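The lines below spell out each chain.
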Amino acid sequence: MNDLEKTDILSLDLTELENILTEHGEKKFRARQIFQWLHVKKVFDFDKMTDISAQLREYLNGNFCINRLFIQKRLESSIDNTVKYLYRLPDGNYIETVLMKYNYGYSICVSTQVGCKMGCRFCASAIAGFVRNLLPSEILLQIYETEKNSGVKVSGVVLMGIGEPLDNYGNVMKFLSLISDKNGNNFSLRHVSLSTCGIVPRIYELAELKTGLTLSVSLHCADNKGRSEIMPVNRKYSIETLLEACRYYIKTTGRRITFEYAVIENVNSSSDDADRLADLLKGINCHVNLIPVNKVRERNYRTARTGVTAFAERLGRRGINATVRRTLGSDIEAACGQLRRDVAEQDRNGGADF
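Report follows, based on the coordinates. (Residues numbered from 1 in each chain as written. Predicted model: local features only at pLDDT ≥ 70, side-chain atom pairs only at ≥ 80, totals over all residues. Heavy atoms only, no water.)

A closer look at the pattern of salt bridges
Logical step 1: By the definition in use, this model includes 15 salt bridges.
Logical step 2: Put simply, Lys-84 and Glu-96 hold a salt bridge, and the shortest N to O gap is 3.1 Å. With Lys-84 in strand E4 (residues 83-88) and Glu-96 in strand E5 (residues 94-102), this residue pair connects regions lying 12 residues apart in the sequence. For the pair Lys-84 and Glu-96, one class covers both residues: buried. (Salt bridge = Lys/Arg side-chain N within 4 Å of Asp/Glu carboxyl O. Helix = DSSP H or I, 4+ residues; strand = E, 2+ residues; numbered from the N terminus. Buried < 20%, exposed > 50% of the residue type's maximum accessible area, 1.4 Å probe, protein only.)

Right under this line is the structure:
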């Protein structure tokens, strides 16, 4: 049996692994042992799991595979120690992961899809096209492989890399279950932030789960006409529909929502835009994260010359809590999508030079 026919063991939760092994005639506790080898000790070789029998190791080798990611390129910022990874998946596709250093520790920005369907006009992630969803193991391994390579322990996870997390809802929820399992990482979901462009039905579903994570909603414009031009998802889920879902999320979970707003010159950057945004969000328990727009070669968008600081100050005078996102890794194009796009272009032109 080749690896493509084997079961991806890193995507199995403990209950699933217990069921498989007990059906095979093994004791239930063996599943917990294997689960901890994988998710606590981070051992990715069945033959090195020394407290299980040779017979069981042989069964695991014959029926399960342990997915791995391969570092295709690693860029480290000389400004702020941000590290950007271009990972190659077993099927030859590429994703990006960014490790960021803060005063409180390290956060990691992970991808959830190979490419993206959403087509936001200012984002590099969708330019190279959507290929497929990432498996739970492939999301998880971005953390495991990055921790191993960097030698640091991640204390915060941001699902804001390539892809729309709520478009890969099942696999993302499985990832969250795996990373927070008390028998494994036991990672608190209060240290996880999930960013969505606003897939409304999934926001309602996520609210019911009461995971404790922080929901970040990419808004980027305060009126439907403007938002639909830069974010096609708004043509399906209007701002009014989206905010109704956000209010439900806040009421159901008791958690504040963050609204992401990329300040783009001549698109959404005027004082009137700030006032419309303040009117729109009045009375909502939220925080606004203002983002200097990233440079993308294929797009002509740029941050307003008047700056995001003035925009934030105007929101503040209107009673809206707003901060400007710290720019990290500017010398290595740390915003997700750029490296994948470049390697896709080079592959089309006869191979990547990495």
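Thoughts on the sheet that holds strand E3 (residues 70-76)
Logical step 1: Read across the open sheet, the 10 strands follow the order E3-E4-E5-E6-E9-E10-E11-E12-E13-E14; overall the sheet is mixed. Only two strands of the sheet have a single neighbouring strand rather than two, namely E3 and strand E14 (322-324). Adjacent strand axes in the sheet meet at a mean angle of 25 degrees when their direction is disregarded.
Logical step 2: Here six bridges tie E3 to E4, and the two strands are oriented antiparallel to one another. Its bridge partner being in E4, Phe-70 is matched across the sheet by Arg-88.
Logical step 3: Contacts between helix H5 (residues 169-180) and the sheet are confined to strand E9 (154-159) and strand E10 (192-196), with E9 contributing the most and set at about 170 degrees to the helix. (Pairing = 2+ DSSP bridges. Axes fitted to C-alpha atoms, helices over the stretch in contact; angles between N-to-C directions. Contact = heavy atoms within 4.5 Å.)

Here's the deal with the packing of helix H9 (residues 271-281) against helix H10 (residues 308-317)
Logical step 1: Between H9 and H10, the shortest axis-to-axis distance is 9 Å and the interhelical angle comes to 40 degrees. Here H10 runs oblique to H9, going by the angle between their axes. Between H9 and H10 lies a crossing whose hand is right-handed. Contacts between H9 and H10 involve Ser-271, Asp-273, Ala-274, Asp-275, Leu-277 and Ala-278 from the former and Phe-311, Arg-314 and Leu-315 from the latter.
Logical step 2: Each residue belonging to the contact of H9 with H10 can be placed in one class, and the counts come to five nonpolar, one polar and three charged. (Parallel < 35°, antiparallel > 145°, perpendicular 65-115°, else oblique. Left-handed = near helix turned anticlockwise from the far one by under 90°. Nonpolar A, V, L, I, M, F, W, Y, C, P; charged D, E, K, R; others polar.)

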